[in-house]
Amino acid sequence: MTEEVALAFSVSRNQAYLLVETSCALVARLPNTLAALETGDIDLYKASKVSQLTREVSDDVAAQVDAWMAKRLAGRDPGAIRKSVDHAVQKFDPDGYRERAAAKRALRHVSLEHEDETMSKLSGWLPAEVASSIYASLSHAAKKRRKADMSRTLDQHRADIFAERLLAEDGHGTPRAHVHVYVDLLTLAGVREDPATLAGYGPVPGWLAREIAADPASTWSRLITDPATGQLLEASPGTYRSPASLARLIKARDRECTHPGCHRPAEFSEIDHITTWARHGNTDHHNCHAACTIHNLLKEEPGWTTQPTGNGGMTITTPTGHTYTTTPEPLHDPNPRTTPHPSEQRRHARDYPDTQRVAHQRALFTVVQDERGLLVPQGIGQRL
């Protein structure tokens, strides 16, 4: 069948195989995803994100993931769909995910591919937290170097530092890079196994978050979320927040550029106003958000407007008059049940007078590399 599909669609054998694999999975195991495809809520490429990440799980797990994703497909870009599917697979198949992760970590390697015009590509297949730490360290060093040398781009500085560090023989230049991890407090304690989030990468299993955080020197910032929405609780109107504290809160809330389809980590983005300061926009968590340089400048282009909708959300209007509304992804799955069971109430370390809102605690920590090159957790801010 693969060969016939390749001929019918004038595609390669590998592309035909993926088409057949995706089609079979949609019909046999992913009815909700197939329905979204049939109604035009998603295209085949987006549907393939669901089928690819569920190809190695059982039919029962695939059905659970498919049902969980039913309300999370329409209006989302492929990258966001992939992260949600990854989260769901970890949620419904934690043991299987651990086994598959261990197998892939055993395959870590470095490869070299020679390209045209005197260039080559050197790449590494590494654990996500290690690769993220390396890239963050290179970016931090490149930004510092570019301040003194504007003749090279940031990418060029990053590539040069990468080469210098690998070729160094005296051991100097050991990086200390921050990697942000968001994890549910109960998952951190081992009570449950909800996936954590590695900034710039996406969902990671709870066991990996605990493994990274095992160092006794780690410190924590506490984030309080609303269980009904999964978002950080609003700051009290009478509470003063310094710009640094506000920036920490926004980076923790947004975790990446808030423009639809952009997944640049908030750590490498700018904290700026949705309604600009020049147009009397407030400097608060409702009107400020994380935006990469490109999308931060985009709202200043003729015909583009942005309107805040609260807590980092915004409605974007394009020059053609189309509107797109975006809000930060919740830190955890929304739970509309606002009155917890007494056994759950005892788990909360902090009570609020509003009995209709129960505070959930999240933990935020960063990871640095010490002089031995080992990953060591380190706090990045005060309690929020």
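Residues numbered from 1 in each chain as written. Predicted model: local features only at pLDDT ≥ 70, side-chain atom pairs only at ≥ 80, totals over all residues. Heavy atoms only, no water.

Enquirer: Quick question: what am I supposed to make of the sheet that holds strand β9 (residues 305-310) here?
Expert: Strand pairs in the sheet, formed through backbone hydrogen bonds, run parallel or antiparallel to each other. Read from one edge to the other, the open sheet built from 3 strands follows the order β9-β10-β11, with strand pairing classed as antiparallel. Edge positions in the open sheet fall to β9 and β11 (323-326), since each of these has one partner strand only. Neighbour-to-neighbour, the strand axes of this sheet turn through a mean angle of 20°, independent of strand direction. Pairing between β9 and strand β10 (residues 313-317): 5 bridges, direction antiparallel. Among the inter-strand pairings, G310 is bridged to a residue of β10, identified as G313. (Pairing = 2+ DSSP bridges. Helix = DSSP H or I, 4+ residues; strand = E, 2+ residues; numbered from the N terminus. Axes fitted to C-alpha atoms, helices over the stretch in contact; angles between N-to-C directions.)

Enquirer: Looking at this structure, how should I read the packing of helix α8 (residues 128-148) against helix α9 (residues 154-167)?
Expert: Each pair of packed helices can be described by the angle between their axes along with the distance between the axes. Viewed as axis vectors pointing N to C, α8 and α9 meet at an angle of 115°, and their least axial separation amounts to 8 Å. Judged by the twist between their axes, the crossing of α8 over α9 is right-handed. Between α8 and α9, the contacting residues are Y135, S137, L138, S139, A141, A142, K143, R145 and R146 on the first element and L154, H157, R158, I161, F162, E164 and R165 on the second. For the contact of α8 with α9, the class distribution of residues is 7 nonpolar, 3 polar and 6 charged. (Left-handed = near helix turned anticlockwise from the far one by under 90°. Contact = heavy atoms within 4.5 Å. Nonpolar A, V, L, I, M, F, W, Y, C, P; charged D, E, K, R; others polar.)

Enquirer: Is there a simple way to explain unusual backbone geometry in this structure?
Expert: One non-glycine residue, H280, adopts positive backbone phi at about 70°. Mapping H280 onto the fold places it in the loop between β7 (270-273) and β8 (288-291).

Enquirer: I tried to follow the pattern of salt bridges on my own but got confused; where do I start?
Expert: Should the charged atoms of two oppositely charged side chains come close, the side chains can pair. A full pass over the atoms with the stated rule returns 14 salt bridges. Note that R29 is salt-bridged to D59, the shortest N-O span being 2.9 Å. Remark: D59 occurs in helix α5 (residues 59-69) and R29 occurs in the loop between α2 (13-28) and α3 (31-38); sequence separation between them is 30 residues. Taking relative accessible area as the criterion, D59 reaches 53% and is therefore assigned exposed. Residues R253 and D254 are paired through a salt bridge, measuring 2.7 Å at the closest nitrogen-oxygen approach. What you see here is one network of salt bridges that share partners, running through D149, R152 and D160. (Salt bridge = Lys/Arg side-chain N within 4 Å of Asp/Glu carboxyl O. Buried < 20%, exposed > 50% of the residue type's maximum accessible area, 1.4 Å probe, protein only.)

Enquirer: What am I meant to see in the nonpolar core here?
Expert: Soluble globular proteins tend to pack their nonpolar side chains together in the buried interior. If you look at the biggest cluster of nonpolar residues, it comprises 32 residues, and the most contacted ones within it are V65, M69, L73, I81 and V85. Elements supplying a minimum of two residues to this core: α2, α4 (44-53), α5, α6 (78-92), α7 (94-105), β3 (179-184), β4 (196-198) and α11 (206-212). Per element, the largest residue contribution to this core is 5 residues, and it comes from α5. In this structure, L73 is in contact with T33, A36, I42, V50 and I81, ignoring residues within four places of it in sequence. (Core = buried A, V, L, I, M, F, W, Y, C linked by side-chain atoms within 4.5 Å.)

Enquirer: Please clarify how α9 should be interpreted in this entry.
Expert: The first and last C-alpha atoms of α9 sit 20 Å apart over 14 residues, in line with the 20 Å expected at 1.5 Å per residue. Of the surrounding secondary structure, the elements contacted by the buried residues of α9 are α8. (Expected span 1.5 Å × (residues − 1).)

Enquirer: In this structure, what is going on with helix α1 (residues 2-9)? I would like to understand it.
Expert: Residues spaced three or four apart along an α-helix face the same direction, because each turn holds 3.6 residues. Considered for burial, the residues of α1 that qualify are T2, V5 and A6. Buried residues of α1, viewed axially, fall in a sector of 100°; they line one side. Within α1, the exposed residues directed more than 90 degrees away from the buried face are E4, L7 and A8. Positive backbone phi, approximately 55°, marks S10, located one or two places after α1. (Arc of directions from axis to C-beta.)

Enquirer: Teacher, can you tell me more about a nonpolar patch on the surface here?
Expert: A grouping of V110, L112, L122, F162, L166 and L167 is seen on the molecular surface, where their side chains present a nonpolar patch of about 620 Å² in accessible area. Looking at the nonpolar patch, the elements that each hand over two or more residues are β1 (109-114) and α9. Per-element tally for the nonpolar patch: the top contributor is α9, with 3 residues. Mapping V110 onto the fold places it in strand β1. (Patch = residues over 30% accessible without salt bridge, like charges linked within 9 Å, V, L, I, M, F, W, Y side chains within 5 Å. Areas by Shrake-Rupley, 256 points an atom, 1.4 Å probe, with all protein chains shown as cover.)

Enquirer: Where do I start with the packing of aromatic side chains in this structure?
Expert: Centre distance and the angle of the planes are the two values used to describe a pair of aromatic rings. Taken as a whole and judged by the stated rule, the model has 1 aromatic pair. Residues Y135 and F268 carry aromatic rings whose centres are separated by 6.3 Å and whose planes lie at 80° to one another, so their mutual orientation is edge-to-face. Pair noted here: Y135 is in helix α8 and F268 is in the loop between α12 (243-254) and β7, with a separation of 133 residues, a long-range link. Of the residues examined, Y135 reaches a relative accessible area of 39% and is grouped as partly exposed. (Phe/Tyr/Trp six-rings, centres within 6.5 Å; stacked < 30°, edge-to-face > 60°.)

Enquirer: How do you make sense of the pairing of β8 when you look at a structure like this?
Expert: Of the two faces of β8, the one carrying C288 and A290 and the one carrying H289 and A291 are both buried. Both β7 and β8 contribute to a ladder of 4 bridges, which runs antiparallel. The residue of β8 that forms the bridge with I271 is A290.

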